[in-house]
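Breakdown of the fold
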Amino acid sequence: MSQAEAAQSSEQEWEPRILTFCCNWCSYAGADSAGTSRMQYPTNMRIIRIMCSGRLNPMFIVKGFLSGADMVMMLGCHFGDCHYLKGNFACNARMTLLKPYLQAIGINPERLYWNQISASEAIKFKETMENIVKKGKELGPIANELGVHAQGAGAQTSKKTAKAVAEDSFS
Amino acid sequence: MFYGKATDQATQERGECGGAVTAILTAALEQNLVDGALVIKRSESIYDGFPFFATTKEEIAEASGSLHCAPTLSAKVIKNYLDGARDTRIAVTCKPCDARAIVEMGKRNQINMDNIYMVGVNCAGTMPPVPAREMIRKFYEIDPDDVVKEEIAKGKLIIQTKDGEHKEVSIDTLEKEGYGRRKNCQRCEFNIPRMADIACGNWGVIGPDAGQATFIEVFTDKGQKLLDTATSSGALTLTDAPPEGIALREKLDGIMVKMAHKFMDAQFAKYDGDDKFEKMFADLDRCILCRNCIINCPICYCEECFTKKDYVMAQGTLPPEPMFHLTRLMHIGPSCVDCGQCEDGCPAEIPIAMITHMVQTDLQKATGYVPGRSLEDPIPLSEWEEVQE
């Protein structure tokens, strides 16, 4: 989320930033195939490739929200298609606990989206992206919920390190 | 369900309500059922107690009697100082939160449950030591050091002074003024430790035995073994509890659970609303990262802490990044037993126990998992293979 992007987004209409975790074997290939088929889809997402949806530590999603993502999306293989046999079941189970957890700490659980897209489903990938951007616009910036702890475009404060605070107080 | 009483006159007098717990522990030790008993021993005053591993009959006798101002938790003591009961057979007296914490740690293989005999004691709440002293001075108008005995009965805190004088004030009155039981005890729904091997207490003792005998309920085979050992060695006499007594106990339990729900709603309302995250972090940002909450928590047990990784949160910033608290809430949230140790240890006086309990109740609604209820309930996410939407 560079400064240039932030400056641009403040001038124009607000665009949600969507952090997308893609599984290497299905969804990332799906995104690839959407690209090679020259499909037009929104550019709001930043894709991070991970080897398996089961690799995703739920705290990475929370970290994503805290780092300024307005929506976080997790895309994995269909059940039974996992390259590592059971990774997507693990991911699915985590999502069932993570959503009530997000609700409990005051982040709208609808900001988290989990779906299964295979390597050949380029059209599904495109449609999912379009729907998610629409949803993100409805929900608004994450800074509304996180307040002073929001990073990126909505952040007002910069946090100092303990060292910087000490230097300030002695100078 | 029985009424139990120690046969030994001295034990009866030293112990609470007929000294049944002392008799059971002594018999288990003497009959070589256990190697020692983890008990709470009175410190210099009644406002302090410490966990103590008693290995002789005399040591157990020293620790007899109840304490309501000892903010201790036996579970982490067993893991840290008794090697998780790997090779030691331990009988442990436990409040419901101790018992739940032990069960949770047992599920995580931190405590060897085969070697643990849980002698549960009913608990209607404990009090923080320092505010308790203030409270005695303010409401009872006596010097806190003159108090020799305190007990909670019929919704009242009754104290006995050196001169043998009894004074009582209702707990409602104390709690309206901000004193009384700890905040987490007010929210506690578990007054009878049904996850322990046996549960002892004074609730439901009626008739001529009132105050002179202990109500004992047995839950497991191990509990039955404890009772058999005590009765066969002649240390304990048992009589069957009358149905009226059992009904009274259930009724008292019901009242306490209802009160707990009221307290939960009232306390959790503090963070309600659309800006829950901001409200929570207004408190949590007082954190000075001393990690007392992690050290004290019975559910936190990782050797390598996730929050010490650079990729999780920046190291060395104050207040810590929100990831610190959010990780704690995620890791222990589903299993929080609301023992209140984190809040007791917090130098910044953040209501951490309340926040964690709030997250736990929300997760409980979603997963149905009640922490520490039974060894058979699987921890959420531990049996994920079977779940398929």
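Everything numeric in this text was worked out from a predicted model, so none of it was measured.

**Let's talk about the sheet that holds strand β1 (residues 18-23) of chain A**
All names here are of chain A. If you walk across this open sheet you meet the four strands as β2-β1-β3-β4, and the pairing is parallel. Two strands in the sheet have a free side with no partner beyond their single neighbour: β2 (45-50) and β4 (112-116). Each strand axis lies, on average, 20° off the axis of its neighbour in the sheet, ignoring direction. Of the pairings in the sheet, the one linking strand β3 (residues 71-76) to β4 comprises five bridges and is parallel in character. Bridging across to β4, Gly76 finds its partner in Gln116. Helix α2 (residues 27-36) rests against β1, β2 and β3 of the sheet, and its axis sits at about 110° to β1. The strands touched by helix α5 (residues 122-139) within the sheet are β1, β2, β3 and β4, with β3 carrying the most contacts at an inclination of about 160°.

**Side note on the domain arrangement of chain B**
All names here are of chain B. Parsing chain B into structural domains produces domain 1 (2-124 + 185-259), domain 2 (129-180) and domain 3 (274-388). The interface of domain 1 with domain 2 comprises twelve residues on the first partner and 13 residues on the second. Regarding the contact of domain 1 and domain 2, the summed buried area is about 1200 Å², with carbon and sulfur atoms giving 54% of it. Together, Ile46, Tyr47 and His68 form the three largest contributors to the area buried by domain 1 at its contact with domain 2, with a combined 50%. For the pair domain 1 and domain 2, the number of links is zero salt bridges. Residue composition of the side of domain 1 that touches domain 2, by class: five nonpolar, five polar and two charged.

**Re the packing of aromatic side chains**
The full count for this structure, using the stated rule, is nine aromatic pairs over all chains. A ring pair is formed by Trp25 of chain A and Tyr84 of chain A, whose centres lie 6.4 Å apart and whose planes are at 70°; its orientation type is edge-to-face. Of this pair, Trp25 of chain A sits in the loop between β1 and α2 while Tyr84 of chain A sits in the loop between β3 and α4 (87-105), and the two are 59 residues apart along the sequence. Pairing Phe139 of chain B with Tyr179 of chain B gives two aromatic rings, centres 5.8 Å apart and planes at 75°, and the pair type is edge-to-face. Taken together, the residues Phe139 of chain B in helix α6 (residues 129-140) and Tyr179 of chain B in the loop between α7 (171-176) and α8 (183-186) connect sequence positions 40 residues apart. Judged by its relative accessible area of 23%, Phe139 of chain B is partly exposed. Aromatic rings pair up to connect Phe60 of chain A together with Phe306 and Tyr311 of chain B into one cluster. One residue, Lys41 of chain B, lies across the ring of Phe52 of chain B, its end atom 4.1 Å from the ring centre. Sitting above the plane of the Tyr117 of chain B ring, Lys222 of chain B keeps its charged end 5.6 Å from the centroid.

Definitions and limits used
Residues numbered from 1 in each chain as written. Chains lettered and ligands numbered in written order. Predicted model: local features only at pLDDT ≥ 70, side-chain atom pairs only at ≥ 80, totals over all residues. Heavy atoms only, no water. Pairing = 2+ DSSP bridges. Helix = DSSP H or I, 4+ residues; strand = E, 2+ residues; numbered from the N terminus. Axes fitted to C-alpha atoms, helices over the stretch in contact; angles between N-to-C directions. Contact = heavy atoms within 4.5 Å. Domains from an automatic or database assignment. Buried area = accessible area lost by both parts, 1.4 Å probe. Salt bridge = Lys/Arg side-chain N within 4 Å of Asp/Glu carboxyl O. Nonpolar A, V, L, I, M, F, W, Y, C, P; charged D, E, K, R; others polar. Phe/Tyr/Trp six-rings, centres within 6.5 Å; stacked < 30°, edge-to-face > 60°. Buried < 20%, exposed > 50% of the residue type's maximum accessible area, 1.4 Å probe, protein only. Lys NZ or Arg CZ within 6 Å of the ring centre and 35° of its normal.

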